[in-house]
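Residue-level structure breakdown
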There are 2 protein chains.
Amino acid sequence: MRYCPRPHALDPARRAAKVPRQAPAAGGWGSLPPAKLHFGPFTGIFRGMPTDQVTLDATDWAIIEELQRDARLPLTELGRRINLSASATTERLRRLEAAGVVTGYHAFIDPAKVGLPVLAVIRLKFPGSRHERLHDLLAQRREIIECLRVTGDDCYVIRAAASSMAHLERVVDELAALGSTTTSVVYGAPMPYRGVCGP
Amino acid sequence: MRYCPRPHALDPARRAAKVPRQAPAAGGWGSLPPAKLHFGPFTGIFRGMPTDQVTLDATDWAIIEELQRDARLPLTELGRRINLSASATTERLRRLEAAGVVTGYHAFIDPAKVGLPVLAVIRLKFPGSRHERLHDLLAQRREIIECLRVTGDDCYVIRAAASSMAHLERVVDELAALGSTTTSVVYGAPMPYRGVCGP
DNA sequence: AATGAAAGAAACCCAAC
DNA sequence: GTTGGGTTTCTTTCATT
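Residues numbered from 1 in each chain as written. Chains lettered and ligands numbered in written order. Predicted model: local features only at pLDDT ≥ 70, side-chain atom pairs only at ≥ 80, totals over all residues. Heavy atoms only, no water.

In the annotation of an unreviewed UniProt entry, the entry for chain A reads HTH asnC-type domain-containing protein, and the organism field reads Sphaerisporangium rufum.

Structure, rendered in structure tokens:
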């Protein structure tokens, strides 16, 4: 097998080698493992059913907090910060990845900088159960960057990033064909996403 | 200076050392402070006013897409995938970081795995302008993992991760002291967060 | 801007403690 | 968990184009 540089357990190539049976890919981060329930940075990444809780000690939490802050931290430096040898740090992290505690490492992009300055939270209320059509739309419209199914009056909470209000309008119109929408444009974040933290 | 392993431009130590003077924010917002506007994975990380757009070519987008998928990808492997030498790839990425296109690299954690299986979207409606009290609460309650200010009936859209419904209730009660809340518990994500993509 | 070479550092594996 | 050795790969710098 080809040597995979800095090959964390979540690396697609490595996962393929180590996790023989992939569940059918269902949207979202292509590289993420199947059947995870995550509520990752910022909002949530739910996928499928919740899984069992993992017992973590203070060192595990230190690893989690460092990597939530900077996912590109080298393992040697991470080890230094948590007062653990590189080997032990690597093994801890490997276990956290294998247990599904760490679900991925992702770069964050400023949408405004790349031409998507209009961000919105769109709530969608369904009359019946045309969920398939929504799923199709989610897959196609890349302006939709997240969709959560929730309790309450609204069935779904959707996030979208658009290049203009006119662009957002087109996205909302497509959603409005499926159910009734309530759209809120985002001014800013008094509290931008921060990762989870220990007890 | 101490060698900094894999020291990307966003590394705190390196940022201080290498980016002496930020160019004054030019463009549409006049004298307003040059802040970050990100709508990162899952929800968005807005902070302050939007900044200027950056012109990106197909190679830049390839870098962005790869690192959104796996932030721990080595630069050599990234270069291989986009058909560029490691040096050129590094320089491209350095520019993207310096321009504020890439705002960070973050590990995603499965909240259910670490004892926070209850995720909720809480909308908060303010009667007046007791924003300071909200900001204090946001800073203190680590269950609140994001807060967006939005247009519409509700002033804020808040995300929270709690260990139980009783735990969530306590968080909601604290918010309800400031304004009227509407809470939706998250079932799952038909479309978990996926990063932005090019045109 | 991209390339290629070279030095130092990091990732990895493994054995021993 | 730690240490240390040995190997491969990665990061960074710099000269070159």
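1. Structural notes on empty space enclosed by the protein
Using the criterion set out here, one finds two cavities of 30 Å³ or more in the structure. Lining of the second largest cavity is provided by Val 121, Arg 123, Thr 182 and Ser 184 of chain A together with Arg 123, Val 150, Asp 154 and Val 157 of chain B. Counting only elements with at least two residues in the lining of the second largest cavity, the list comes to strand E4 (118-125) and strand E7 (180-191) of chain A. Of the residues assigned to the lining of the second largest cavity, the class counts are three nonpolar, two polar and three charged. (1 Å grid on protein atoms, 1.4 Å probe; cavity = no way out; pocket = protein on both sides within 12 Å on 5 of 7 lines; lining within 4 Å. Points joined across faces, edges and corners; volume = space filled by probe spheres on them. Helix = DSSP H or I, 4+ residues; strand = E, 2+ residues; numbered from the N terminus. Nonpolar A, V, L, I, M, F, W, Y, C, P; charged D, E, K, R; others polar.)

2. Some thoughts on the UniProt feature "domain: HTH asnC-type" (unreviewed entry) in chain A
Mapped onto the present numbering, the UniProt feature "domain: HTH asnC-type" (unreviewed entry) falls on residues 56-117 of chain A. For residues 56-117 of chain A, the end-to-end C-alpha separation is 39 Å, with 53% helix and 13% strand making up the annotated structure. (UniProt positions renumbered as here; feature names shortened; annotations may be inferred.)

3. Description of the pairing of strand E5 (residues 144-150) of chain A
Each regular strand displays side chains that alternate between the two surfaces of the sheet. Of all seven residues that make up E5 of chain A, six are buried, and the element is covered over most of its length. Bridge analysis of E5 of chain A against strand E6 (residues 156-162) of chain A gives five bridges, and the strand direction is antiparallel. Bridged to Glu 146 of chain A within E6 of chain A is Arg 159 of chain A. What sits between the antiparallel neighbours E5 of chain A and E6 of chain A is a turn of five residues, in which Gly 152 of chain A has the positive phi angle 105°. Taken together, the three bridges between E5 of chain A and strand E7 (residues 180-191) of chain B define a ladder with antiparallel strand orientation. Each bridged residue has a counterpart across the sheet, and for Cys 147 of chain A the counterpart in E7 of chain B is Met 191 of chain B. (Buried < 20%, exposed > 50% of the residue type's maximum accessible area, 1.4 Å probe, protein only. Pairing = 2+ DSSP bridges.)

4. Examining the pattern of salt bridges
Residue and element names in this part refer to chain A. Counted according to the given criterion, the structure contains 28 salt bridges over all chains. Here Arg 159 makes a salt bridge to Glu 146, at a shortest N to O gap of 3.6 Å. Remark: Glu 146 occurs in strand E5 and Arg 159 occurs in strand E6; sequence separation between them is 13 residues. Of the two residues, Arg 159 and Glu 146, both sit in the buried class. (Salt bridge = Lys/Arg side-chain N within 4 Å of Asp/Glu carboxyl O.)

5. Quick notes on the packing of aromatic side chains
Under the defined criterion, the tally for this structure stands at three aromatic pairs over all chains. Consider the rings of Phe 108 of chain A and Phe 108 of chain B, whose centres lie 6.0 Å apart with planes at 80°: the pair is edge-to-face. Within this pair, whereas Phe 108 of chain A is found in strand E3 (residues 102-109), its partner Phe 108 of chain B is found in strand E3 (residues 102-109), the two belonging to separate chains. Summarising the burial analysis for this pair, Phe 108 of chain A and Phe 108 of chain B share the class buried. Taking 5.6 Å as the distance between ring centres and 65° as the angle between the ring planes, the aromatic pair formed by Phe 126 of chain A and Tyr 156 of chain A counts as edge-to-face. Of this pair, Phe 126 of chain A sits in the loop between E4 and helix H5 (131-140) while Tyr 156 of chain A sits in strand E6, and the two are 30 residues apart along the sequence. By relative accessible area, Phe 126 of chain A is classed as buried at 9%. On the basis of relative accessible area, Tyr 156 of chain A is assigned to the buried category, the value being 1%. Between Arg 72 of chain B and the ring centre of Tyr 105 of chain A, over which it is positioned, the NZ or CZ distance is 5.4 Å. (Phe/Tyr/Trp six-rings, centres within 6.5 Å; stacked < 30°, edge-to-face > 60°. Lys NZ or Arg CZ within 6 Å of the ring centre and 35° of its normal.)

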